[in-house]
Amino acid sequence: MSKKKKKPVQIIDYTELKEKILRTLSIEAGRPLNHRQISARIGISSKIVRQHVRQCLDELVGEKLIEALSDGKYLYRPKAHTVTGVIEITSAGHAYLIPDPEPDGSRSRDVFIHRDSLNHAFNGDRVEVAIYAYLKKGLPHGEVISILERAKKEFVGTYVAAGKKYGFVVPDNKKVYTDFYIVEEFRNGAQDGDKVVVELTDWPELATSPFGKIVKVLGQPGEHETEIHAILAEFDLPYEFPPDVEREAEQIPETLDPKEIARRRDLRGITTFTIDPTDAKDFDDALSLRKLDNGHWEVGVHIADVTYYVKPGSRLDDEAYRRGTSVYLVDRVVPMLPEKLSNFLCSLRPNEDKFCFSAIFEMDNNGNIFSKWFGRTVIHSNRRFTYEEAEEILKTGNGDFSEELNTLNHIAKKLRAARFKAGSIGFDKSEIKFHLDEKGNPTGVYQKSIGDSNHLIEEFMLLANKYVAMEVGRTPEGKASGRTMVYRVHDDPDPDKLLELQNFVSKFGYRLNISSRKQITHTMNAMLESVKGKPEQNLIETLAIRSMAKAVYSTKNRGHYGLGFDYYTHFTSPIRRYPDVMVHRILHMHLEGREAKNRNEWEERCKHASLREKLATDAERASIKYMMTKYLMDKLGQEFEGVISGVTEWGVYVELVDNKCEGMIRIGDFKNDYYIFDEENYQIIGSRKGKKYQLGDKVRVRVKKADLQRKQIDFSLVE
């Protein structure tokens, strides 16, 4: 007699089940449901499993997360505890709340928010969230209960006509998880398929889509100007100045006021020059050098005196603050200041007298500093060098001001060596550049090389930034002064991210010791030096940078981890960065014996500047991605060598070795097996054959698709 087979025991994940119950009740907050209704909504029909639902309900009642009513129904009862912060939506559609900092600067843990609990919040919105559980990976779970401030109300997308009297705008940004409903009167002349900018006007509580109106028609998708303007609109980057701002700039006299010259330290007789990229027009820093009678060198770091022309409360200042930074897209610059200021009045052009704010150092050949001076000056640049021209003179010893250039280069190398010995980390990540034709189309891709001329400028700019921060923020005795200052701060890295980086680079044979700050910097620098010229260079440099915290602006000095400086600011680029304008104003007040008041207002301006910097960086990356896609459009079917640069559950990213373009092999395009994502080891593994594709692996790929609208490149694997 055969034994009756036992039914397999169904293993219940109580954490997941409780999470589903809470989510179901929270979605219908205010509406009581019994256990059968709850079970039905989460797809449970089995009587046995429904018993587990009842058990979970009893536990949730005990935890005071839900309320049991007398009629056997349950009601969502969010905890009184709420938290405010900014929403960050993932590509999967879920979100995390980044809580606002506490008064002491600390932050509570991120809050996980299911896509069904976003309640009309978009990426970047500032919201209030009710905490209702502590489940997933120990993170608190919550639900958006109030949208305090929209990050943006205008979005870029494609208009799709759905009928004679209405249509929809499908957003370009995947993090905008819904279409916008457009009625005929708000179509603004848009035709089916046009790329447009839509403004969010309303989102009724029960409506599945927000209502919008089209405020600008950008043009046909795929056209160069349309796509570039779409990038600018997506990141709220204005490419035109308001007429009143332009008028204010035009009214500024072009000649220097003799009375103002008399008030300044006159340095026009000292050898001075600029070194900048070939295509630069906004020269905001210059160097001067002269030999002193005691054998030391006087090195001047001269910065365009933007604050002489841009006064607080002016339209120029308001617009510069709003923009926050100049934005450098692949084919154009979106300046912070109108052209008359950025390229003419403030730009330290050769053979012209210019007003500057200067940091002047008395130094010896080894970079030791004996004295320093800060103040307003007038200079005269004798020569404009490109980095390539200066590099050639440093290599050959021949050319204009070769003696001065070589002296400054010698001192810069001493400063650089001392900086690394003291704990700086050498992130010299190469930049991707494009050769463009007369129409702005990419004809080639190359990596910008970093040479001694770049390091020369970098070291003296770092020196000025460091000592300006110390001048205001530190007492002569070396203690914190307590005075208001705008700092560029860079927190210590997350230990977990460092551990992940350590584990990953070890697979390439590189050693990273994270046992102490000294060991981290020493072994990180050794690794970054060893990786140069290797196929995995860009990948490891990128991952190393990602392991670090993000540098931001703040009035609360926390030092700069990456540079190893206790005091650091941004003083050297006021033409293109608003924080430098703030620093110039604070330094000027300090030199006059005054202090900056209203620290909270300065802190708010720092937060705004950090946000604008992030938007600019995202826009720059989007323009690079667009150009990469455009570059590969006529190379469909061609094969390239690549390195796996990212691994996700939906596929692997591959960076091409020759041109650094990055695309994806989708998980479904791996035809030889069914692959499973192994997050811990940055790899996918074939379930039948066990074949692995891991971060850093070399692969050969074929260009399968280049979607210009989505800025998306698809590869297929060449077996």
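As shown above, the structure is provided for reference.
What counts as what
- Residues numbered from 1 in each chain as written.
- Predicted model: local features only at pLDDT ≥ 70, side-chain atom pairs only at ≥ 80, totals over all residues.
- Heavy atoms only, no water.
- Axes fitted to C-alpha atoms, helices over the stretch in contact; angles between N-to-C directions.
- Helix = DSSP H or I, 4+ residues; strand = E, 2+ residues; numbered from the N terminus.
- Parallel < 35°, antiparallel > 145°, perpendicular 65-115°, else oblique.
- Contact = heavy atoms within 4.5 Å.
- Nonpolar A, V, L, I, M, F, W, Y, C, P; charged D, E, K, R; others polar.
- Polar contact = N/O pair within 3.5 Å; in protein donor to acceptor, adjacent residues only side chain to side chain.
- Buried < 20%, exposed > 50% of the residue type's maximum accessible area, 1.4 Å probe, protein only.
- Pairing = 2+ DSSP bridges.

Asks: Even after reading the chapter, I still don't get the packing of helix α1 (residues 14-27) against helix α3 (residues 47-62), so can you show me in this structure?
Replies: The geometry of a pair of packed helices is captured by two quantities: the angle between their axes and the separation between those axes. Between α1 and α3, whose axes approach to 10 Å, the crossing angle comes to 75°. With respect to their mutual orientation, α1 and α3 come out roughly perpendicular. On the side of α1, the interface is formed by Tyr14, Leu17, Lys18, Ile21 and Leu22, while α3 contributes His52, Val53, Gln55, Cys56, Leu57, Glu59 and Leu60. Looking at the contact of α1 with α3, its residues break down into eight nonpolar, two polar and two charged.

Asks: In this structure, what is going on with the side chain of Arg419? I would like to understand it.
Replies: You can see Arg419 is positioned in helix α11 (residues 402-422). Here the side chain of Arg419 touches Glu459 through a polar contact of 2.5 Å, side chain to side chain. Setting aside anything within four residues of it in sequence, one finds Arg419 in contact with Ser424, Glu458, Glu459, Leu462, Leu563 and Phe565.

Asks: Looking at this structure, how should I read the side chain of Thr307?
Replies: Position of Thr307 relative to the elements: it lies in helix α7 (residues 306-309). Residue classification places Thr307 among the buried positions, given a relative accessible area of 7%. A polar contact of 3.1 Å, which involves the side chain of Thr307, links it to the side chain of Asp305. There is a polar contact of 2.9 Å between the side chain of Thr307 and the side chain of Arg376. Setting aside residues no more than four positions away along its own chain, Thr307 makes contact with Arg376, Val581, His584 and Arg585.

Asks: How should the sheet that holds strand β17 (residues 297-304) be read in this particular structure?
Replies: What holds strands together in a sheet is hydrogen bonding between their backbones, with the strands either parallel or antiparallel. Across the sheet, seven strands lie side by side as β14-β21-β20-β17-β16-β15-β22; this open sheet has mixed pairing. In the strand order of this sheet, the two ends are held by β14 (265-266) and β22 (383-386), each with one partner. Pairing analysis gives eight bridges linking β17 to strand β20 (residues 353-363), with the strands arranged antiparallel. Of the residues in β20, the one forming a bridge with Trp297 is Met363.

Asks: Where do I start with the environment of Asp244 in this structure?
Replies: Examined against the element boundaries, Asp244 turns out to sit in helix α5 (residues 243-250). Taking the C-alpha atoms as reference, Asp244 lies 35 Å from Arg483; in sequence the two are 239 residues apart. Separated by 2.6 Å, the side chains of Asp244 and Arg315 make a polar contact.

By themselves, these figures tell us nothing about what the structure is for.
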